[in-house]
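Now for the letters of each chain:
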Amino acid sequence: MSKARTFRRTLGLVVALGAVGWSIAHAADVSFQPPQWELGERNDGGYYTLVTPAGERVTETAVIVDVGDQYIDEENRIFEVVEVRGDEVVVEEKGTAEMPDVRDALDALEVSRRGSGSALSAFARWLGAQAGGGGANQTIGIYHTHNAESYVPTSGTDSKEYGDIHRVGQALKDAFENMGYRVIWKDDSHLPHDGEAYLRSRRTAAEISRERPVTILDVHRDAIPRRDEYLATVDGEKMSQVRLVVGRQNQNRAANLEYAKRIKAIADQRYPGLVKGIFNARGNYNQDLGPRMLLLEFGTHVTSLEEALRSVEPMAEVIAAAAGLPRGAGGGQVGQRGLGTAGWIVLLVVLGGAGWLVLNKEGWAGLKAGLSRWRKRLGSGGDGGDASP
């Protein structure tokens, strides 16, 4: 009997140790596992309507909501979720969000806009890309957790294996690359749309993060059934609005929320109506992997792909400005670095060569006159006015 008891105890210990070993191995393979409820967005065809106690309809969303979530609307009013009653969500107004000062980014955008068509500007953007060497501070990451998301007016379905949302991601990639930035776009599949979709896409986001990008964007579309909820006329063109989603269950929530507010503040000035609002929602959305990580929703399933694509270029411009990527944007890592030493050397050589050609053709008098004209144009902001002495 003693030997039998000893055998059973030994066998039990072996089984327990094996279970512990499996758990450790599993934890090493997957360091983070989101709760099973974290679908991110509803996949049952339903959606939430946010209303105040007085009955004001604030917005609609398919993002899964919980008590304590906050929503910043187009007018920068803050609403906090106090109760979830099935598909109806009761929110209370909590004042107005304090938005960041973005004059530096707006000034940089204006300078870029004025010179965007010139050959010198194009050459300067090329120099910036070359001098950066494709480094971390010029890299932008894009991926899609819910790959099947599509637009019914375009594809006749709201979901397919390789969804329309990839077209939006690719267009965003092209827009950033046309601005001179390096982009890592991943169209890896993370299907199906279930509680582990964010676990699967986490591997993709982690792979991108190893390149140390300045921002990583998870591109989605919403799933509410009203077109007018997500359409706006921006710069005279009808396009999908974009909603920003920030997860509040990670250590980067404050930095990511500030980043989202910066994007909205710039968009409100440069492209009024482009950004629909900011949802500070329960969940992680893989945003613990770094600051400047956002989930973007381009329209909803009943808006068209074409309407979503129209919002891509202005959104790319705004995101780059908020991340500090445009030349001259204060506070940005690339903005502070400028063209880099190599870029300035090449630029000085080109300018020196141009000066030599003018001097050789027109002499010192011609060179002085040319410099005087250039100085006056610079002082007047490039509109031909007089500069102050």
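Computed from a predicted structure; not experimentally measured.

### Some remarks on the packing of aromatic side chains
Thought 1: Applying the stated criterion across every chain yields a total of two aromatic pairs.
Thought 2: Taken together, a centroid distance of 5.5 Å and an interplanar angle of 45° make the contact between tyrosine 71 and phenylalanine 279 tilted. Note that tyrosine 71 is positioned in strand S3 (residues 70–72) and phenylalanine 279 in strand S12 (residues 275–281), a separation of 208 residues in sequence. Here tyrosine 71 matches phenylalanine 279 in class, with each residue buried.
Thought 3: Just above the ring of tyrosine 48 sits the side chain of arginine 42; from NZ or CZ to the centre is 4.6 Å.
Thought 4: Directly above the ring of tyrosine 230 sits lysine 276, whose terminal nitrogen or CZ lies 5.3 Å from the centroid.

### Comments concerning the pairing of strand S8 (residues 215–222)
Thought 1: Within S8, eight of the eight residues are buried, which leaves it mostly tucked inside the rest of the structure.
Thought 2: Residues Thr215, Leu217, Val219 and Arg221 line one face of S8 and the alternating positions Ile216, Asp218, His220 and Asp222 line the opposite face, and both faces are buried.
Thought 3: Pairing analysis gives four bridges linking strand S6 (residues 139–143) to S8, with the strands arranged parallel. By the bridge assignment for S8, tyrosine 143 is matched with aspartate 218.

### A look at the nonpolar core
Thought 1: Membership of the largest hydrophobic core comes to 51 residues, with the highest contact counts inside it found for Val168, Phe176, Leu244, Ile263, Phe298 and Met315.
Thought 2: Aside from chain neighbours lying at most four places away, what touches methionine 315 is Val242, Leu244, Ile263, Leu274, Val275 and Phe298.
Thought 3: By size, the runner-up hydrophobic cluster in this structure holds 17 residues, among which are Val65, Val91, Tyr198 and Ala281.

### Things to note about the sheet that holds strand S2 (residues 57–61)
Thought 1: Pairing is mixed in the open sheet, where eleven strands are placed in the order S2-S1-S5-S4-S3-S12-S11-S13-S8-S6-S7. Two strands bound the open sheet, and with one partner strand each, they are S2 and strand S7 (182–185). Shown here is a sheet whose adjacent strand axes are inclined to one another by a mean of 25°, direction ignored.

### Brief notes about the pattern of salt bridges
Thought 1: Enumeration according to the criterion identifies 31 salt bridges in this entry.
Thought 2: For the salt bridge of arginine 77 with glutamate 56, the shortest nitrogen-to-oxygen distance reads 3.1 Å. Taken together, the residues span a long stretch of sequence, with arginine 77 in strand S4 (residues 77–85) and glutamate 56 in the loop between strand S1 (48–51) and S2 at a distance of 21 residues.
Thought 3: For glutamate 56, a relative accessible area of 33% puts it in the partly exposed group.
Thought 4: For lysine 173, the salt bridge is made with aspartate 174, and the minimal N-O distance between the two is 3.9 Å.
Thought 5: Within this structure, Arg57, Glu60, Arg226, Asp228, Glu229 and Lys276 form a network of salt bridges that share partners.

### Considerations on helix H7 (residues 253–270)
Thought 1: Compared with the 26 Å implied by 1.5 Å per residue over 18 residues, the 26 Å span of H7 between its first and last C-alpha is a close match.
Thought 2: Here H7 has its buried residues at Asn256, Tyr259, Ala260, Lys261, Arg262, Ile263, Lys264, Ala265, Ile266 and Ala267.

### Description of the packing of helix H5 (residues 165–178) against helix H9 (residues 312–322)
Thought 1: One can describe the packing of H5 onto H9 by two numbers: an axis separation of 9 Å at closest approach and a directional angle of 55°. For the element pair H5 / H9, the angle class is oblique. Judged by the twist between their axes, the crossing of H5 over H9 is right-handed. Together, Val168, Ala171, Leu172, Ala175 and Phe176 of H5 and Val312, Glu313, Ala316, Ile319 and Ala320 of H9 make up the contact between the two elements.
Thought 2: Residue composition of the contact of H5 with H9, grouped by class: nine nonpolar, no polar and one charged.

### Quick look at unusual backbone geometry
Thought 1: With an omega of 5°, the peptide bond running from leucine 191 to proline 192 counts as cis.
Thought 2: If you trace the backbone, proline 192 turns up in the loop between S7 and helix H6 (197–209).
Thought 3: The backbone of asparagine 76 shows a phi angle near 70°, a positive value even though the residue is not glycine.
Thought 4: Structurally, asparagine 76 can be placed in the loop between S3 and S4.
Thought 5: We classify asparagine 76 as buried; its relative accessible area is 15%.
Thought 6: In this structure, arginine 212 takes a positive phi of about 55° despite not being glycine.
Thought 7: The class of arginine 212 is exposed, set by a relative accessible area of 64%.

### Quick look at the packing of H7 against H9
For any two helices packed against each other, one specifies the crossing angle of their axes together with the interaxial distance.
Thought 1: Taken N-terminus to C-terminus, the directions of H7 and H9 make an angle of 130°; their axes are 9 Å apart at the nearest point. With respect to H9, the axis of H7 lies oblique. Here the hand of the crossing between H7 and H9 comes out right-handed. Of the residues in H9, those touching H7 at Tyr259, Arg262, Ile263, Ile266, Ala267 and Arg270 are Met315, Glu317, Val318, Ile319, Ala321 and Ala322.
Thought 2: Among the residues making up the contact of H7 with H9, the classes are represented as nine nonpolar, no polar and three charged.

### What to know about H6
An α-helical turn contains 3.6 residues, so a residue and the one three or four places further along point in the same direction.
Thought 1: End to end, H6 covers 18 Å across 13 residues, agreeing with the expected 18 Å (1.5 Å per residue, within 8%).
Thought 2: Along H6, the residues that are buried comprise Ala197, Tyr198, Leu199, Ser201, Arg202, Thr204, Ala205 and Ile208.
Thought 3: Buried residues along H6 sit against S6, S7, S8 and strand S13 (293–300).

Reading the values: rules and limits
- Residues numbered from 1 in each chain as written.
- Predicted model: local features only at pLDDT ≥ 70, side-chain atom pairs only at ≥ 80, totals over all residues.
- Heavy atoms only, no water.
- Phe/Tyr/Trp six-rings, centres within 6.5 Å; stacked < 30°, edge-to-face > 60°.
- Helix = DSSP H or I, 4+ residues; strand = E, 2+ residues; numbered from the N terminus.
- Buried < 20%, exposed > 50% of the residue type's maximum accessible area, 1.4 Å probe, protein only.
- Lys NZ or Arg CZ within 6 Å of the ring centre and 35° of its normal.
- Pairing = 2+ DSSP bridges.
- Core = buried A, V, L, I, M, F, W, Y, C linked by side-chain atoms within 4.5 Å.
- Contact = heavy atoms within 4.5 Å.
- Axes fitted to C-alpha atoms, helices over the stretch in contact; angles between N-to-C directions.
- Salt bridge = Lys/Arg side-chain N within 4 Å of Asp/Glu carboxyl O.
- Expected span 1.5 Å × (residues − 1).
- Parallel < 35°, antiparallel > 145°, perpendicular 65-115°, else oblique.
- Left-handed = near helix turned anticlockwise from the far one by under 90°.
- Nonpolar A, V, L, I, M, F, W, Y, C, P; charged D, E, K, R; others polar.

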